[in-house]
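Residues per chain, in single letters:
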Protein chains: 2
Amino acid sequence: MAKQFVKDVTAMDEDFAQWYTDVVTKADLIDYSSVRGSMIIRPYGYALWDNIKNELDTKLKETGHENVYMPLFIPESLLQKEKDHVKGFAPEVAWVTHGGDEKLQERLVVRPTSETLFCEHYANIIHSYRDLPKLYNQWANVVRWEKTTRPFLRTLEFLWQEGHTAHATQEEAQEETLRMLNVYAQICEEYLAIPVLKGQKTEKEKFAGAESTYTIETLMHDGKALQSGTSHNFGDGFARAFDIKYLDKEGKQQFVHQTSWGFTTRIIGALIMVHGDDRGLVVPPRIAPTQVMIVPIAQHKEGVLDFAYDLKERLGKVARVNIDASDKKPGWKFNEYEMKGIPVRLEVGPKDIENNQVVLARRDSGEKIIVPLNELEVKLPAMLEEIQNDLYNKALNHREENTFTVQTFDAFKAQLEERQGFIKAMWCGDQACEDKIKEETGATSRCMPFEQEHISETCICCSKPAEKMVVWAKAY
Amino acid sequence: MAKQFVKDVTAMDEDFAQWYTDVVTKADLIDYSSVRGSMIIRPYGYALWDNIKNELDTKLKETGHENVYMPLFIPESLLQKEKDHVKGFAPEVAWVTHGGDEKLQERLVVRPTSETLFCEHYANIIHSYRDLPKLYNQWANVVRWEKTTRPFLRTLEFLWQEGHTAHATQEEAQEETLRMLNVYAQICEEYLAIPVLKGQKTEKEKFAGAESTYTIETLMHDGKALQSGTSHNFGDGFARAFDIKYLDKEGKQQFVHQTSWGFTTRIIGALIMVHGDDRGLVVPPRIAPTQVMIVPIAQHKEGVLDFAYDLKERLGKVARVNIDASDKKPGWKFNEYEMKGIPVRLEVGPKDIENNQVVLARRDSGEKIIVPLNELEVKLPAMLEEIQNDLYNKALNHREENTFTVQTFDAFKAQLEERQGFIKAMWCGDQACEDKIKEETGATSRCMPFEQEHISETCICCSKPAEKMVVWAKAY
């Protein structure tokens, strides 16, 4: 019976895309609906997002940000105020043309992002240097009219937070841009156990309307990259388009300098593809809605269930503990919670009770240990902490093993054919080379890492002198 | 200077509608944008909603509900599956007709509510009695194409939670419907200090597609009613339309019985119009983001600011305390926090420090008391508790004073002309009478209260025998 359950998930190495689809559905993260390209986020998937949201929201508040809520719709004329921005987004928006029975005089866009609304609001409420900085954030849904979609990774609608800030100077804006990138990096590394590569996007890959875009890039199990969070410095471009000015201390009118930054439900895709395995999801303890699932063995025998419930209450003080006392067979339960990636399974049956012990089974390594009852309050949290660290280190090792350095375009192509991953190579800075590399290999520039290395003297594409090392990869 | 600030708010008795608009903007709750009928919820307004949301979410989880997230868009054909439902909502929805440059083959509705999506999902995941009950909730934005809008009370888009549950039997569904109505009533009475009237909606006023709708109705300062939360029992109507069946314990196919219930940002409108006064907002302590605002007096004098910050830290253990140490004059600060309805202002200056005391000023009553420093940890929480209770009692008194009993249609009309409020009157049960009363007086049936009284023998409108007492009012 156990095997039958496992068989439902395609092996990762056989068909990674199918494995992913199997996991998101079998682990009860999502369901499909008749709405093309959208997903239903089921209770388990939503609990993951809720935990990420709470963790990030706390950090946003600690760094002085306030939550607001902007309208869902943007009038077409407002979207058009900043030229690069509308060019970037217009091809992929949903248009509302009718309200009730009436045709609208002006079409409305369902927000793909809210820069224009924040700018309009800022123009309204910022007057003096005393009003700065404005550090606003919103938790919201946004829509982008994607042709090809996949749960969490690319959907018509997704959930995110978008931060929008206004500052007196360009230096402050730049500081904020990098501060928030680091907050995202922290969430990924310390909370989700996902190592990140930090860097700057090229001109080609930067956000529509930004002066510069910074990114955290993560590497999935299959060697593809996932852009996992971005932070943009707008300079005063939007401020000029929307006329957001303040009176400085000397009584002079100045334009504000702005940033925006976003983190989305997409990160759940990264969580799945970084930590998952052939038995399903693997959830790092810090984000796990349930860290320990108690599975009673021979629960019909006298005293077993009472004992298990007492344990749940006792251990609830040191971890997030749940119990499955349903009449399903233990083997079924084991499979279900392995599929869902619950970090630790606690087994307890009549013999264990007799011996004053329980069995702890780790989801990530499969390791099982017997723990005396009186040591549980110490051993269990220690095990959770160890799992968290092990998952991070495993992901870091995987990334290191799949980061390659090449000095020529031929080596670049050969590497991609042999094994995908992050490819470090020098670049001249010319977009023509970036385009050519993408066209010929399918790999895109992920970022110019903050930690630069001098690999060779020349661009791998055109052989002109090169100063920038770019990390390239095929990406989700 | 102080007076100038206060002058910005129109007196309630002079023009209540204008007073309301003044308060929502001057207390920094909202801002307008170029999106017709939508509002920007500013940090202070959003903090109020966030507190309500957290309080309600905790109660939803305590009663066994799980959060999910459904798509924003609903295909036209899906909306049409339940006939009463589509008839009720189609006239007031926003239509998405284009995605990017393409015209869609099928129009999409921006969700006005999500029954149809939940039903489709339930049909997909409910198979056996073991899958029941399903107790789902979602926090989301919804859109209704309203012609006339007012911040919080009626906006094109609003934020809410919508609960959707499926049960094995009609009894269980009915139990759930009333349980959730009571949860809403609790939030209003115990948390927001707003007394509610509980009852059932008439056929005319019930939700599109529901078998029965229950409501909590609240009375505003101006004697108008506000529907503040509704809970619907759908019976098996939606289940039949969407084919949501389960195999019962005897192996027979049965339709599920469903409920839905919603609570929205509208409640912030109630909060304003129940507790507010001519100086602005009055926020009950339990929901107040800041319960106590410390305003240092003569803060340039040595030791005052240090002392005030120490107080903030110390009192932070017993209340949500903030401090305004800006260089604005105390009078300005007093006005600002009165406008924002902060429950208690704590004043502390050099003389207070010398005398080991502070001044506590209540926002609601204006009362000021001197409190010795060593009694603050006791007196401050007690004062907050007292304010909470006083606000509730004041609102309850106001409702009682403005609840009228009439035995004839003439008395009904006379009462409405003299003073608005809840009007109790007997009704025959015929919709024609309900229509006529609305047409001739503008008052609508708010509900048939659970606590019925036998006021007279006959319907006030048609004089036929009447068994139901209805509470009528003009409503927002």
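Residues numbered from 1 in each chain as written. Chains lettered and ligands numbered in written order. Predicted model: local features only at pLDDT ≥ 70, side-chain atom pairs only at ≥ 80, totals over all residues. Heavy atoms only, no water.

Caption draft 1: Spotlight on the UniProt feature "domain: Aminoacyl-transfer RNA synthetases class-II family profile" (unreviewed entry) in chain A. Under the UniProt annotation, "domain: Aminoacyl-transfer RNA synthetases class-II family profile" (unreviewed entry) lies at residues 36-284 of chain A. Between the end C-alpha atoms of residues 36-284 of chain A there is a gap of 31 Å, over a span that is 32% helix and 32% strand. (UniProt positions renumbered as here; feature names shortened; annotations may be inferred. Helix = DSSP H or I, 4+ residues; strand = E, 2+ residues; numbered from the N terminus.)

Caption draft 2: The interface of chain A and chain B, seen in detail. Between chain A and chain B, the contact holds 53 residues from the first and 53 residues from the second. Counting the surface lost from both chain A and chain B, the interface buries some 4400 Å², and carbon and sulfur atoms represent 58% of this. A salt bridge links Glu-102 of chain B to Lys-147 of chain A; the shortest N-O distance between them is 3.6 Å. Inspection of the chain A/chain B interface yields 24 residue pairs in polar contact (both at pLDDT 80 or more). Tallying contributions element by element places strand 5 (residues 94-99) of chain A first for the side of chain A that touches chain B, with six residues. Among the residues making up the side of chain A that touches chain B, the classes are represented as 30 nonpolar, 11 polar and 12 charged. (Contact = heavy atoms within 4.5 Å. Buried area = accessible area lost by both parts, 1.4 Å probe. Salt bridge = Lys/Arg side-chain N within 4 Å of Asp/Glu carboxyl O. Polar contact = N/O pair within 3.5 Å; in protein donor to acceptor, adjacent residues only side chain to side chain. Nonpolar A, V, L, I, M, F, W, Y, C, P; charged D, E, K, R; others polar.)

Caption draft 3: Molecular detail of the environment of Glu-205 of chain A. Residues and elements named next belong to chain A. Within the secondary structure, Glu-205 is located in the loop between strand 9 (197-200) and strand 10 (212-219). Sequence-wise, Glu-205 and Tyr-476 are 271 residues apart; in three dimensions their C-alpha atoms are separated by 14 Å. Once you skip the residues sitting within four places of it in the chain, Glu-205 turns out to touch Glu-434, Thr-444 and Ser-445.

Caption draft 4: Fine view of the domain arrangement of chain A. All names here are of chain A. Taken domain by domain, chain A comprises domain 1 (2-275), domain 2 (292-386) and domain 3 (403-473). A C-alpha centroid distance of 27 Å is found between domain 1 and domain 3. Contact with domain 1, which involves 20 residues of that partner, is made by 17 residues of domain 3. With both chains or domains summed, domain 1 and domain 3 bury close to 1500 Å², and 65% of this area falls on carbon and sulfur atoms. (Domains from an automatic or database assignment.)

Caption draft 5: Spotlight on the environment of Lys-379 of chain B. Residues and elements named next belong to chain B. Structurally, Lys-379 can be placed in helix 13 (residues 376-401). In this structure the C-alpha to C-alpha distance between Lys-379 and Leu-360, which are 19 residues apart in sequence, comes to 9.6 Å. A distance of 2.7 Å separates the side chain of Lys-379 from the side chain of Glu-375, its partner in a polar contact.

Caption draft 6: The relation of the copies chain A and chain B, seen in detail. Rotating chain A by 180 degrees and moving it 0.0 Å along the rotation axis overlays it on chain B with an RMSD of 0.0 Å. With respect to symmetry, the two chain copies, as superposed, fit the operation of a two-fold axis. Across chain A, the rotation axis passes nearest the C-alpha of Val-96 of chain A, at a separation of 2.1 Å. (Least-squares fit on C-alpha atoms with pLDDT ≥ 70 in both.)

Caption draft 7: Region of interest: the pattern of salt bridges. Residues and elements named next belong to chain A. A full pass over the atoms with the stated rule returns 66 salt bridges over all chains. Between Arg-362 and Glu-367 there is a salt bridge whose closest N-O contact spans 3.9 Å. We classify Arg-362 as buried; its relative accessible area is 5%. A cluster of three or more residues bridged by salt bridges with shared partners is formed by Asp-277, Arg-279, Glu-338, Arg-345, Glu-347, Arg-363 and Lys-368. (Buried < 20%, exposed > 50% of the residue type's maximum accessible area, 1.4 Å probe, protein only.)

Caption draft 8: Quick look at the sheet that holds strand 6 (residues 102-110) of chain B. Ordered in space as 4(A)-6(A)-5(A)-5(B)-6(B)-4(B), the six strands form an open sheet in which the pairing is antiparallel. Where the open sheet ends on each side, the last strands, each with one partner, are strand 4 (73-75) of chain A together with strand 4 (73-75) of chain B. Averaged over all pairs of adjacent strands, the angle between strand axes in this sheet comes to 45 degrees, irrespective of strand direction. As paired strands, strand 4 of chain A and strand 6 (residues 102-110) of chain A are joined by three bridges and run antiparallel to one another. Within strand 6 of chain A, the residue paired with Ile-74 of chain A across the bridge is Val-109 of chain A. (Pairing = 2+ DSSP bridges. Axes fitted to C-alpha atoms, helices over the stretch in contact; angles between N-to-C directions.)

Caption draft 9: Structural detail: the packing of helix 14 (residues 409-418) of chain A against helix 15 (residues 431-441) of chain A. All names here are of chain A. Where helix 14 contacts helix 15, the two axes come as close as 11 Å, and the packing angle between them is 35 degrees. Between helix 14 and helix 15 lies a crossing of right-handed hand. Between helix 14, through Phe-409, Phe-412, Lys-413 and Leu-416, and helix 15, the contact on the second element is made entirely by Lys-436, Ile-437, Glu-440 and Thr-441. Grouping the amino acids of the contact of helix 14 with helix 15 by side-chain chemistry returns four nonpolar, one polar and three charged. (Left-handed = near helix turned anticlockwise from the far one by under 90°.)

Caption draft 10: Seen up close, helix 10 (residues 304-315) of chain B. Residues and elements named next belong to chain B. Given a rise of 1.5 Å per residue, 12 residues ought to cover 16 Å, and the 16 Å separating the end C-alpha atoms of helix 10 matches this to within 8%. Taken together, the buried positions of helix 10 are occupied by Val-304, Ala-308, Leu-311 and Leu-315. One face of helix 10 carries all of its buried residues, which in axial projection span an arc of 60 degrees. The exposed residues of helix 10 that point more than 90 degrees off its buried face are Asp-306, Asp-310 and Glu-313. In this structure, the buried side of helix 10 is in contact with strand 15 (292-296), strand 16 (321-323), strand 17 (344-348), helix 12 (350-354), strand 18 (357-362) and helix 13. (Expected span 1.5 Å × (residues − 1). Arc of directions from axis to C-beta.)

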